[in-house]
Amino acid sequence: MNNFVKLYDLLEHYQQHFAKDIMLAGRANNSWKTYSTDEFIKIVDQLSRGFLAKGLQKGDRVAIMSGNRPEWNMIDFACNQIGIAVVPLYPTLSNQDLIYIMHDAEVKLLFTSNEELAQKADMALKENNLSLDLYTFDEIAGRSSFHELTQLANAQSIDLKPYRDAVKSADLLTLIYTSGTTGKPKGVFLTHLNIISNVSACNHLVTSEFKKALSFLPLCHIFERMVVYLYLSKGVQIYYAENLDNIVQDINEVKPDLFTTVPRVLEKVYDKVVEKGKNLTGIKKTLFFWALNLGLKYQEPNVNSAWYNFQLGIARKLIFSKWKEALGGNIKLIISGGAALQERLARVFWAADIKVLEGYGLTETSPVIAVNSWKVEDVKFGTVGRVLNNLDVKIAPDGEILVKGPSITIGYYKNDEATKEAIDAEGYFHTGDIGELTSDGFLRITDRKKEMFKTAGGKYVAPQVLENKLMESTLIAQVMVIGENQRFPAALIVPAYEELEKYCQHKGIPYGSKEEAIQQEEVLAKYDQIISQANSNFGQWEKIKKFRLLANDWTINAGELTPKLSLKRKVIYQKNEHIIQGIYTE
């Protein structure tokens, strides 16, 4: 990879080496609105001039509250090439957090994608007596469109070179506010160097054979944003999915070579595939489950025997080829992050010749710390891969993962106390995750330090490990293990209701409503069986002794999940406190 110094160097590199008719595309009116390299760069430059014409200057902050679309990137590059920092805002933010972030970051301009988000911003600003210019990506009557900024630039001839030259690699590129489960959001300070160094260290993941990528994870999160920069550094065309509701249609239209995802999406894909297999009959059903069981036994590519590989060749031709077709036909690589990936999913997708690379990182690390590779010697199932070659990782005496290197944040914006707590005197960032390094250099995550709890008997329990095991059941959609200072661990479980309804029909169990279904003795007995099977892998003090089934999913909008679909444990605990009390008092 070239020695990029500042993020906008990517655009010049793209234009010199990969210029094409379709650089980016986004959903618009049930079709794809595409942008060529020349179009994209022209709009970026005009937006930069528009910002300058409005009086913005280096060091100012511009916020974006939008789903994924090309305009997101246009604003991003228009800002970063003249030294303005972008503040991403999740569309699902509460009014309280929205105002806090805009006030704390001293935002000068706000962009929203549509009228719904513009109204949300209006309401939050009005309630808090804040005033700032708001622009929308969509053309909306009575609203200022971001195209007005490009028109504003047309009235003035501004040479951008001096502004670009004034930007330094150590300058603030973006302030990303972490969605903590308690307290106020913290603004993570990330520079051009932070992000560029991470893009460079992940360079080996994307090769010239990858032509098209589909993007649906939120650009507000550093994971997808950094990966988009990685795509651009390699000349990969990027198509933005409007939302997850139409993801199947988008995949089949775009036919991507790769995309990024979170484990929950892969779990749903796998569960749907298995469900289709169950509906087969005769020899087709026999072949399907033969291939599936073979796939679940898949070892690292250079470990499988010749006999296994012979059988796998047949399974790929007869069964697994259809998995690839369902993902557009060209899929070669999926990068998974944001949460722990079930090991069996990685194995079976690799067996299907769809390489799923599990990685690990945090907003504060720009984000990737370690990642598995598509190379046969650089993947180990059950780990998050090798540590990137420009980072130094060590394991603290208590098992916490500490990391130092060029992609690590210098700290939290206007929050020295939190910075000192997170970054020690030697410059190591304390991740809050517990892990270990294998003898051959792979990193394994065992749990979140802050999520581990101690039972009343003094034994430590790592809830995430138990949860991942339980999530292997197609009848479980979500689960949270509890038990801090209690006699034993227990579990709150949200059933996968579509699957549960099918199970009830098959067994002749009355289903009725969700609330009625989870009261049925046969249903409770089934979940008790699932838990007993999962418990067999754990020590006596870790075993889940009791559980409760919940009728409603945990969601981002209800505040129970973070935008990357991680559990907000304290929120879930508080909302279900009476149920939890019942578990431990009966």
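In this report, the structure presented in the accompanying data block is examined. (Residues numbered from 1 in each chain as written. Predicted model: local features only at pLDDT ≥ 70, side-chain atom pairs only at ≥ 80, totals over all residues. Heavy atoms only, no water.)

With that settled, consider the overall build of the chain. Counting secondary structure elements, the chain contains 21 helices and 26 strands. Taking 25 Å as the expected radius of gyration for a compact globule of 586 residues, we find that the chain reaches 25 Å, a close match to that expectation. With the C-alpha coordinates of the chain rotated into their principal frame, the extents come out at 75 × 55 × 50 Å. Per-residue burial over the chain gives 55% buried out of 586 residues. (Helix = DSSP H or I, 4+ residues; strand = E, 2+ residues; numbered from the N terminus. Rg over C-alpha atoms; globule rule 2.2 N^0.38 Å. Buried < 20%, exposed > 50% of the residue type's maximum accessible area, 1.4 Å probe, protein only.)

With that out of the way, let us pick up the sheet that holds strand S21 (residues 443-448). Taken together, the 4 strands give an open sheet; going across it, the order is S17-S18-S20-S21, and neighbouring strands pair in antiparallel fashion. Each end of this open sheet is capped by a strand with a single partner; those strands are strand S17 (392-395) and S21. Taken over all neighbouring pairs, the strand axes of this sheet differ in orientation by 50° on average, direction set aside. Bridging between strand S18 (residues 400-404) and strand S20 (residues 429-437) involves 3 bridges; their strand directions are antiparallel. Bridge pairing in S20 places glutamate 400 opposite isoleucine 434. (Pairing = 2+ DSSP bridges. Axes fitted to C-alpha atoms, helices over the stretch in contact; angles between N-to-C directions.)

Spatially, S24-S25-S26 is the arrangement adopted by the 3 strands of the open sheet, whose pairing is mixed. Two strands close off the open sheet at either side, each with one partner strand: strand S24 (476-482) and strand S26 (546-549). Recorded for the sheet is a direction-independent mean angle of 20° between the axes of neighbouring strands. Strand direction decides the pairing type here: strand S25 (residues 490-495) and S26, joined by 4 bridges, are parallel. Among the inter-strand pairings, alanine 490 is bridged to a residue of S26, identified as lysine 546.

Cis geometry is found at the peptide bond from serine 366 to proline 367, where omega equals -10°. Relative to the helices and strands, proline 367 is located in the loop between strand S14 (355-361) and strand S15 (368-371). A positive phi angle is found at glutamate 106, which is not glycine, with a value near 55°. Within the element layout of this structure, glutamate 106 appears in the loop between helix H4 (95-104) and strand S5 (107-112). In this model, lysine 414 sits at a positive phi of 55°, which is unusual for a non-glycine residue. With respect to the secondary-structure elements, lysine 414 resides in the loop between strand S19 (411-412) and helix H15 (416-422).

Burial analysis of S5 places 5 of its 6 residues in the buried class, the great majority of the element. Examined bridge by bridge, strand S3 (residues 61-65) and S5 share 5 bridges and lie parallel to one another. Bridge pairing in S5 places methionine 65 opposite threonine 112. Taken together, the 4 bridges between S5 and strand S6 (residues 133-136) define a ladder with parallel strand orientation. The residue of S6 that forms the bridge with phenylalanine 111 is tyrosine 135.

On to H4, then. For H4, the full list of buried residues reads Leu98, Ile99, Ile101, Met102 and Asp104. Tucked into the core, H4 has its buried residues touching S3, strand S4 (85-88), S5, helix H5 (115-127) and strand S8 (172-178). Among the residues trailing H4, glutamate 106 stands out with phi positive, at a value near 55°. (Contact = heavy atoms within 4.5 Å.)

The next subject is the packing of helix H8 (residues 192-201) against helix H9 (residues 222-233). At a closest axis distance of 9 Å, the pairing of H8 and H9 adopts a crossing angle of 65°. Considering the relative orientation of H8 and H9, their crossing is right-handed. Of the residues in H9, those touching H8 at Ile195, Asn198 and Val199 are Ile222, Met226, Tyr229, Leu230 and Ser233. Tallied by class, the residues present in the contact of H8 with H9 amount to 6 nonpolar, 2 polar and no charged. (Left-handed = near helix turned anticlockwise from the far one by under 90°. Nonpolar A, V, L, I, M, F, W, Y, C, P; charged D, E, K, R; others polar.)

For the rest of this paragraph, the subject is helix H17 (residues 497-507). For H17, the complete set of buried residues consists of Tyr497, Glu499, Leu500, Tyr503 and Cys504. Down the axis of H17, the sector holding all buried residues measures 155°, keeping them to one side. The exposed residues of H17 that point more than 90 degrees off its buried face are Glu498, Gln505 and His506. Those residues of H17 hidden inside the fold are in contact with helix H11 (263-278), S25, helix H18 (514-517) and helix H19 (521-535). Looking one or two residues past H17, glycine 508 carries a phi angle of roughly 70°, positive in sign. (Arc of directions from axis to C-beta.)

Moving on, we come to the side chain of asparagine 68. In this structure, asparagine 68 sits in the loop between S3 and helix H3 (70-80). At 3.1 Å, the side chain of asparagine 68 and the side chain of serine 215 are in polar contact. Within the local environment of asparagine 68, its side chain forms a polar contact with the backbone nitrogen of leucine 219, the two atoms lying 2.9 Å apart. (Polar contact = N/O pair within 3.5 Å; in protein donor to acceptor, adjacent residues only side chain to side chain.)

Turning to the packing of aromatic side chains, a few remarks are in order. Following the criterion strictly, the structure yields 17 aromatic pairs and no others. With centroids separated by 5.4 Å and ring planes inclined at 85°, the aromatic side chains of tryptophan 32 and tyrosine 239 adopt a geometry described as edge-to-face. Here the residue tryptophan 32 occupies a position in strand S2 (residues 31-35), and tyrosine 239 occupies one in strand S11 (residues 237-240), the gap between them amounting to 207 residues. Here the aromatic rings of tryptophan 307 and phenylalanine 310 are separated by 5.6 Å at their centres, their planes lie at 20°, and the arrangement is stacked. With tryptophan 307 and phenylalanine 310 both in helix H13 (residues 306-326) and 3 residues apart, this pair spans about one turn of that helix. Across the pair, phenylalanine 310 and tryptophan 307 agree in class, each one exposed. Grouping aromatic residues by their ring pairs yields a cluster made of Phe51, Phe111, Tyr135, Phe137 and Phe146. It is lysine 186 that lies over the ring of tyrosine 412; its NZ or CZ is 4.5 Å from the centre. The ring of tyrosine 428 carries the charged tip of lysine 394 above its face, separated from the ring centre by 4.1 Å. (Phe/Tyr/Trp six-rings, centres within 6.5 Å; stacked < 30°, edge-to-face > 60°. Lys NZ or Arg CZ within 6 Å of the ring centre and 35° of its normal.)

Turning next to the environment of lysine 568. Along the polypeptide, lysine 568 turns up in the loop between S26 and helix H20 (569-575). We classify lysine 568 as buried; its relative accessible area is 15%.

Right, let's get into the nonpolar core. One finds Phe51, Ile75, Phe77, Leu89, Phe111 and Trp323 to be the most contacted residues of the largest nonpolar core, which totals 153 residues. Tallying contributions element by element places H9 first for this core, with 9 residues. Excluding anything up to four places from it in sequence, phenylalanine 111 contacts Phe51, Val62, Ala63, Ile64, Met65, Ile75, Tyr135, Phe137, Phe146 and Leu149. Formed by 43 residues, the second largest nonpolar core is a distinct cluster that contains Leu470, Phe538, Ile572 and Ile583. (Core = buried A, V, L, I, M, F, W, Y, C linked by side-chain atoms within 4.5 Å.)

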